[in-house]
Amino acid sequence: MKQHLSISDHSRDIAGLKYVYPVISRRAGGLSIGINLNVNNACNWRCLYCQVPDLTRGSAPDVNLELLEEELRFFLQQVLHGNFYQQYQVPESLQTIKDIAVSGNGEPSSARNFAEIIERIGEIAVEQSVFPGSHYVLISNGSLIHQQPVQQALKQLNRFNGEVWFKLDRGSSSERKIINGCVDSNDKILQRLKTASGLCQTKIQTCLVKYRHLSWQPEERRAYLDIMEQVRQSGTVKEVMLYSMARQSLQPEAEDLGKFSSEEIQQLAEQLIAMGFQVSISQ
């Protein structure tokens, strides 16, 4: 039976594998091969817009690296030499691997042996001639970048010309606590951005979501632009990816969430461009 990939369905088990899954990614602009290390649906944050079912607080479980390697080799062979595109009804214009993205159902950098995992994924992608033609991406909330094992992983990511997509959804710590379940101060976030960008190319990703009264009031807009000005002055990050929700949240607050309009996102993009950032928008 044929299956269909779309930006509105990022099911982690669509390919019947434990760690590897395909998605059509708005931000990547095509086929992204996802690596899910958090198969226990555990994360150290709890973002209100998260599409992970039964999300719990915690870390990634131990990863069966041998199984991950086996799945990735098998899946890449299916995409490169099998009938993957026909089976999943991928349009011809999207029939190319845009990236391999370490993301999944929680914060991936919480996995033990994370540096070894990053290294092995990169080596298999080179072995299968996916790199250097495709990108290598770590999608992260950035909360563990101060840890030495995670920094070692970023060095491995950089070895394969990879990049970190670092989450920054709000400018004030009070709203980040509500939207992301994050208690980190602005100073900590700025320091971790500096560390990440010193080890590997880093981009900021901002999910623009409304929640009850938190609808991007003028003071929160100023707070976001203020922290972005500090980022600009530090020279650590030059690119920002803006997006809003494309898929239904599976958290209890889902019915109280709302998307930003195209006009609101464009207005923010123009302000960031005027500050000197390169900005991309995914609707």
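Procedures and definitions
Residues numbered from 1 in each chain as written. Predicted model: local features only at pLDDT ≥ 70, side-chain atom pairs only at ≥ 80, totals over all residues. Heavy atoms only, no water. Salt bridge = Lys/Arg side-chain N within 4 Å of Asp/Glu carboxyl O. Helix = DSSP H or I, 4+ residues; strand = E, 2+ residues; numbered from the N terminus. Buried < 20%, exposed > 50% of the residue type's maximum accessible area, 1.4 Å probe, protein only. Pairing = 2+ DSSP bridges. Axes fitted to C-alpha atoms, helices over the stretch in contact; angles between N-to-C directions. pLDDT = per-residue confidence, 0-100. Contact = heavy atoms within 4.5 Å. Core = buried A, V, L, I, M, F, W, Y, C linked by side-chain atoms within 4.5 Å. 1 Å grid on protein atoms, 1.4 Å probe; cavity = no way out; pocket = protein on both sides within 12 Å on 5 of 7 lines; lining within 4 Å. Points joined across faces, edges and corners; volume = space filled by probe spheres on them. Nonpolar A, V, L, I, M, F, W, Y, C, P; charged D, E, K, R; others polar. Expected span 1.5 Å × (residues − 1). Parallel < 35°, antiparallel > 145°, perpendicular 65-115°, else oblique. Left-handed = near helix turned anticlockwise from the far one by under 90°.

**As for the pattern of salt bridges**
Item 1. Counted under the stated rule, the structure contains 14 salt bridges.
Item 2. The salt bridge involving Glu-123 is made with Arg-120; its shortest N-O contact spans 2.2 Å. Of the two residues, Glu-123 and Arg-120 are both situated in helix 3 (residues 114-127); the distance of three residues between them amounts to about one turn of the helix.
Item 3. Accessibility expressed as a relative area gives 25% for Glu-123, which makes it partly exposed.
Item 4. Here the residues in one salt-bridge network are Glu-69, Glu-119, Arg-120, Glu-123 and Arg-159, joined through shared partners.

**A word on the sheet that holds strand 12 (residues 278-282)**
Item 1. What the eight strands build is an open sheet, ordered 1-2-5-6-7-8-10-12; its pairing is mixed. With one partner strand each, in any of the chains shown, strand 1 (20-25) and strand 12 form the two edges of the open sheet. The sheet shows a mean angle of 25° between the axes of neighbouring strands, direction not considered.
Item 2. The sheet contact formed by strand 6 (residues 135-140) and strand 7 (residues 163-167) spans four bridges and is parallel. Its bridge partner lying in strand 7, Ser-140 is registered against Phe-166.

**Focus on the confidence of the model for the protein**
Item 1. Model confidence for the protein is summarised by a mean pLDDT of 92, while 93% of its residues fall at 70 or above.
Item 2. When the criterion is pLDDT under 50, residues 6-10 qualifies, and its contacts beyond four places in sequence or with other chains add up to 11 contacts.

**Re the side chain of Gln-128**
Item 1. Following the sequence through the fold, Gln-128 ends up in the loop between helix 3 and strand 6.
Item 2. Each residue touching Gln-128, except ones within four places of it in the same chain, is listed here: Arg-73, Leu-76, Gln-77 and Leu-80.

**Examining the nonpolar core**
Item 1. By size, the foremost hydrophobic cluster in this structure holds 69 residues, and its most contacted members are Leu-68, Tyr-224, Met-228 and Leu-272.
Item 2. Considering each element in turn, this core owes the most residues, seven residues, to helix 3.
Item 3. Once you skip the residues sitting within four places of it in the chain, Leu-68 turns out to touch Tyr-19, Val-20, Ile-35, Leu-37, Val-63, Ile-117 and Ile-121.
Item 4. Core analysis: the second largest hydrophobic core is formed by 17 residues, Trp-45, Leu-48, Ile-179 and Cys-182 among them.

**Examining empty space enclosed by the protein**
To find leftover empty space, one rolls a probe the size of a water molecule over the atoms.
Item 1. All chains considered together, the criterion is met by one cavity of 30 Å³ or more.
Item 2. Here the largest cavity is characterised by a volume of approximately 30 Å³.
Item 3. Each residue belonging to the lining of the largest cavity can be placed in one class, and the counts come to three nonpolar, three polar and three charged.

**Regarding helix 4 (residues 148-159)**
Item 1. Over its 12 residues, helix 4 runs 17 Å from end to end, which matches the ideal 16 Å to within 8%, given 1.5 Å per residue.
Item 2. Turning to helix 4, its buried residues are Val-150, Gln-151, Ala-153, Leu-154, Gln-156 and Leu-157.
Item 3. For helix 4, the elements touching its buried residues are helix 3, strand 6, strand 7 and helix 6 (186-199).
Item 4. After helix 4 finishes, the residue Asn-161 shows a positive phi value of roughly 55°.

**Digging into the packing of helix 3 against helix 4**
Item 1. Contact geometry for helix 3 and helix 4: axes closest at 7 Å, N-to-C directions at 10°. As the angle between them shows, helix 3 and helix 4 are arranged roughly parallel. The interaxial crossing formed by helix 3 with helix 4 has right-handed handedness. Seen from helix 3, the contacting residues are Phe-114, Ala-115, Ile-118, Glu-119 and Glu-123; seen from helix 4, they are Pro-149, Gln-152, Ala-153, Gln-156, Leu-157 and Arg-159.
Item 2. Looking at side-chain class alone, the contact of helix 3 with helix 4 contains six nonpolar, two polar and three charged residues.

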